[in-house]
Number of protein chains: 2
Amino acid sequence: MTGPRYTPLVAGLPATVPFVGPETQERARGRPFAARLGANENTFGPSPKAIEAMASAARDVWMYGDPENHDLKAALAAHHGVAPANIIVGEGIDGLLGYLVRMLVGHGDTVVTSDGAYPTFNFHVSGFGGTLVKVPYNGNHEDTGALIEAATRSGAKLIYLANPDNPMGSWHGARVIRRMIDAVPDRTLLILDEAYIELAPEDISPAIEPDDPRVVRMRTFSKGYGMAGARVGYAIGAPALITAFNKIRNHFGMCRISQVGALAALSDQAWLAEIRARVEMARTELRRIATANGLTPLASATNFVTMDCGRDGDFARSVLAELISRDIFVRMPFVAPHDRCIRVSCSGAEDLARFAAALPEALGAARG
Amino acid sequence: MTGPRYTPLVAGLPATVPFVGPETQERARGRPFAARLGANENTFGPSPKAIEAMASAARDVWMYGDPENHDLKAALAAHHGVAPANIIVGEGIDGLLGYLVRMLVGHGDTVVTSDGAYPTFNFHVSGFGGTLVKVPYNGNHEDTGALIEAATRSGAKLIYLANPDNPMGSWHGARVIRRMIDAVPDRTLLILDEAYIELAPEDISPAIEPDDPRVVRMRTFSKGYGMAGARVGYAIGAPALITAFNKIRNHFGMCRISQVGALAALSDQAWLAEIRARVEMARTELRRIATANGLTPLASATNFVTMDCGRDGDFARSVLAELISRDIFVRMPFVAPHDRCIRVSCSGAEDLARFAAALPEALGAARG
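Residues numbered from 1 in each chain as written. Chains lettered and ligands numbered in written order. Predicted model: local features only at pLDDT ≥ 70, side-chain atom pairs only at ≥ 80, totals over all residues. Heavy atoms only, no water.

Under an unreviewed UniProt entry, the name given to chain A is histidinol-phosphate transaminase, and the organism recorded is Albidovulum litorale. Quoted verbatim from the Cofactor (unreviewed entry) field of UniProt, the annotation for chain A is "pyridoxal 5'-phosphate". (UniProt positions renumbered as here; feature names shortened; annotations may be inferred.)

Here you go:
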């Protein structure tokens, strides 16, 4: 034997790369996409004030970012009416989920999620040796009651719930989530992933009770604020939990330009309102396009519309492949029965017109 | 008991924050520093081309960065004469060290480093349950022979060596490093942290033999390239090791603006040459200032000069405190006997003049 000695856990993990970005597909295809509608990026972009702040911060990038993220945390705390001690900033929700799983999950520990929910969370759980218990959706909705029941039965350390949901776009009202939080088993932690919350109806998020040890909320600047490439996420939770991140996190992990950009983006709530309006228009147009082509658009509280192609997973995969071959980057749910759908991100009129032009051809080719 | 169930490992980690940034100190002091010379940031800044590229990338930040870091890896591979399969890009060397330790180190695994070397590496080793074996420096140099010996004796999975060294600024020639690599015990991995290599004499880094499974090199855009706040590091190593990072890394962890900036910085080697010249001038001036004040400047292959204050750790800590109270941000080695020194980063004439003005007062106060 030669080479380094990996831990048994890491040696046993799959070497396949689970995350294929659009650039990888473009390189494989040999040409760029004409419309980038697969990763739920906010094509309307960040606030012009955030762009300006980041452009001007470029010359200061010789300095490390503040490892405390003090200014951003203070602004977020004021925005949410909580204390800075309730907030941890990290390298996107993906980064924070990795830290959180590391903090709680070791070999044999159980974690409950929905079958077909966020794969990056599952990647982290497997990566730390946890055992995933997957609960079926109830139709197009995550099943809050079944998640609680599975956590109780399995003694899970963590429950993952996204509200609104990705990949289905569905959501629960604040009362359902409130009821779920109240039912979280003793010493289990509910991860409430609210990545899309800024684009959802305003009554779906229960009031933040920041010192509640049963729930941690995950938020991001990637979706509503249009800064996916900046990697700025944050969690809101009880101070003891927030402090524990400091035991393990990459303290100097945040890009300084991103810190500055997020602060400027947060201060421009008028731009966020404008984004909400544009996303709503795009959802309406995506629903119209779906319906005009015989697909069933699902209701969405996010910046994407999931479209039921009306047949099985193989058919939807064909539709997806045909769209991609027509230079439209879209994605679809991985798991049956959701894999009867494709998932299309909101965007401006030009992108949606390209999608509208490609869809009938793609459906024809998939049917033929 | 209430609250989440941390792993026994994480529950046992210290809750103290090990990394205090200058901003934290500024907030505590109630006023900013006049010269930022403590974190070995490159105050000369990145290439103007990199600044321009980052400023212009700000408007594209709605897109996630390429999770493969394809373009940057390709450019780095060409630059170093290796294959892209030999390179992994990550969130600074800090981030890559965290991933690497996670890949190899579990409870009870042994890791060898020098007593007084990079504390962030030790943070990661402890954070994954490893046992640190610390070898004394040989004078102001890391002791390559003793590191190998300790690794052999303890069956270490990892050895950490920085060349040039931080915090002492010392270095070994390529032949010494080559000999050390050849002596790495079977199935031990040497981490050769070359964070400062772009600022060192050209003959201190042995030729990269990229498929050698005994060594992985860590490089960064934080020092010579002046982009500490961008968080771009990379490792060069054997393809099997590089591929293993994909099992666990935060695939979408890189800031898109930083990717673009690093690519532009790498392409401007003329700027790097200019930085090398300015750093050399600053080292000369820092040596002059030290000597004029009765301190002994250590030889440096980095962008800092470590100055022996000629007495014990308490005295150097007093000097440091007096400098900080005079608005000069500097740091010092943590561990005896190195804590007889202070460590001052290279910078432009104005910063160094501020340091030169403050140092005699600080020494007087510390002596008084």
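Draft legend 1. Fine view of the environment of B:His124. Residues and elements named next belong to chain B. Along the chain, the position of His 124 falls in helix α6 (residues 119-127). Take His 124: its relative accessible area is 5%, and that puts it in the buried class. For the pair His 124 and Tyr 99, spaced 25 residues apart in sequence, the C-alpha to C-alpha distance is 8.8 Å. Setting aside residues no more than four positions away along its own chain, His 124 makes contact with Asp 94, Leu 97, Gly 98 and Val 101. (Helix = DSSP H or I, 4+ residues; strand = E, 2+ residues; numbered from the N terminus. Buried < 20%, exposed > 50% of the residue type's maximum accessible area, 1.4 Å probe, protein only. Contact = heavy atoms within 4.5 Å.)

Draft legend 2. Representation of the sheet that holds strand β12 (residues 341-345) of chain B in the model. All names here are of chain B. Within the open sheet, the 3 strands sit side by side as β9-β10-β12. Their pairing is antiparallel. Edge positions in the open sheet fall to β9 (296-297) and β12, since each of these has one partner strand only. Of the pairings in the sheet, the one linking strand β10 (residues 304-308) to β12 comprises 5 bridges and is antiparallel in character. Along β12, the bridge assignment pairs Met 307 with Ile 342. Across the face of the sheet, helix α11 (residues 269-292) comes into contact with β9, β10 and β12 while running at roughly 15° to β10. (Pairing = 2+ DSSP bridges. Axes fitted to C-alpha atoms, helices over the stretch in contact; angles between N-to-C directions.)

Draft legend 3. Fine view of the pairing of strand β8 (residues 233-236) of chain B. All names here are of chain B. What you see with β8 is no split at all: Gly 233 and Ala 235 on one side and Tyr 234 and Ile 236 on the other are buried throughout. The pairing of strand β2 (residues 87-90) with β8 spans 4 bridges and is antiparallel. The residue bridging Ile 87 from the neighbouring strand is Ile 236, located in β8. Sheet analysis places strand β7 (residues 215-220) next to β8, joined by 4 bridges and oriented antiparallel. By the bridge assignment for β8, Arg 219 is matched with Tyr 234.

Draft legend 4. Structural detail: the packing of helix α5 (residues 92-104) of chain A against helix α6 (residues 119-127) of chain A. Residues and elements named next belong to chain A. Contact geometry of α5 with α6 gives a least axis separation of 9 Å together with a crossing angle of 30°. In terms of orientation, α5 lies roughly parallel with respect to α6. When the axes of α5 and α6 are compared, the crossing they make is right-handed. Contacts between α5 and α6 pair Asp 94, Leu 97, Gly 98 and Val 101 from the former with Thr 120, Phe 121, His 124 and Val 125 from the latter. Here the contact of α5 with α6 is composed, by residue class, of 4 nonpolar, 3 polar and 1 charged. (Parallel < 35°, antiparallel > 145°, perpendicular 65-115°, else oblique. Left-handed = near helix turned anticlockwise from the far one by under 90°. Nonpolar A, V, L, I, M, F, W, Y, C, P; charged D, E, K, R; others polar.)

Draft legend 5. Quick peek at the interface of chain A and chain B. On the side of chain B, 83 residues touch chain A, which itself brings 84 residues to the contact. The largest per-residue losses of area from chain A upon contact with chain B belong to A:Arg5, A:Trp62 and A:Arg187, which jointly make up 13% of the total buried on that side. Joining chain A to chain B, the criterion identifies 6 salt bridges. One salt bridge connects B:Glu68 with A:Arg27, and the closest N-O pair in it is separated by 3.3 Å. One can count 46 residue pairs in polar contact (both at pLDDT 80 or more) joining chain A with chain B. For the side of chain A that touches chain B, the element with the highest residue contribution is α5(A), accounting for 5 residues. Per-class residue counts for the side of chain A that touches chain B are 41 nonpolar, 23 polar and 20 charged. (Buried area = accessible area lost by both parts, 1.4 Å probe. Salt bridge = Lys/Arg side-chain N within 4 Å of Asp/Glu carboxyl O. Polar contact = N/O pair within 3.5 Å; in protein donor to acceptor, adjacent residues only side chain to side chain.)

Draft legend 6. Geometry of helix α4 (residues 70-80) of chain B. Residue and element names in this part refer to chain B. Every buried residue of α4 is listed here: Leu 72, Lys 73, Leu 76, Ala 77 and His 80. Buried residues along α4 cover an arc of 135° about the axis, so they all sit on one side. Along its buried surface, α4 packs onto β2, β7, β8 and α10 (256-267). One or two residues past the end of α4 sits Gly 81, with phi positive at roughly 65°. (Arc of directions from axis to C-beta.)

Draft legend 7. Looking closely at the pattern of salt bridges. Within the structure shown, the criterion is met by 55 salt bridges over all chains. Between B:Asp327 and B:Arg29 there is a salt bridge; the shortest N-O distance is 2.2 Å. Here B:Asp327, found in the loop between α12 (313-325) and β11 (328-329), pairs with B:Arg29, found in helix α2 (residues 22-29); they are 298 residues apart in sequence, far enough to count as distant. Note on B:Arg29: relative accessible area 21%, which makes it partly exposed. Shared partners join several salt bridges into a network, and the residues in it are A:Arg178, A:Asp182, A:Glu209, A:Asp212 and A:Arg214.

Draft legend 8. Region of the structure containing the packing of α4(B) against α10(B). Residue and element names in this part refer to chain B. The interhelical angle for the contact between α4 and α10, taken along N-to-C directions, is 25°, at an axis separation of 9 Å. Classed by the angle they form, the pair α4 and α10 counts as roughly parallel. For the pair α4 and α10, the sense of crossing is left-handed. Judged by residue contacts, Asp 71, Leu 72, Ala 75, Leu 76 and His 79 of α4 engage Gln 259, Ala 262, Leu 263 and Leu 266 from α10. The residue inventory of the contact of α4 with α10, partitioned by class, reads 6 nonpolar, 2 polar and 1 charged.

Draft legend 9. How the structure looks around the UniProt feature "domain: Aminotransferase class I/classII large" (unreviewed entry) in chain A. UniProt marks residues 37-358 of chain A with the feature "domain: Aminotransferase class I/classII large" (unreviewed entry), using the numbering shown here. Between the C-alpha atoms that bound residues 37-358 of chain A there is a distance of 13 Å. The span itself is 40% helix and 15% strand.

Draft legend 10. Representation of the domain arrangement of chain A. Residues and elements named next belong to chain A. What the domain assignment reports for chain A is domain 1 (20-45 + 270-367) and domain 2 (65-267). Each of domain 1 and domain 2 has a C-alpha centre, and the two are 26 Å apart. At the junction of the two partners, domain 1 supplies 25 residues and domain 2 supplies 26 residues. With both chains or domains summed, domain 1 and domain 2 bury close to 2000 Å², and 59% of this area falls on carbon and sulfur atoms. Ranking the residues of domain 1 by area buried against domain 2 places Arg 276, Ala 301 and His 338 at the top, with a combined share of 29%. Counting every contact that joins domain 1 to domain 2 gives 1 salt bridge. Close ionic contact of Arg 276 with Glu 202 constitutes a salt bridge, the shortest N to O distance being 4.0 Å. (Domains from an automatic or database assignment.)

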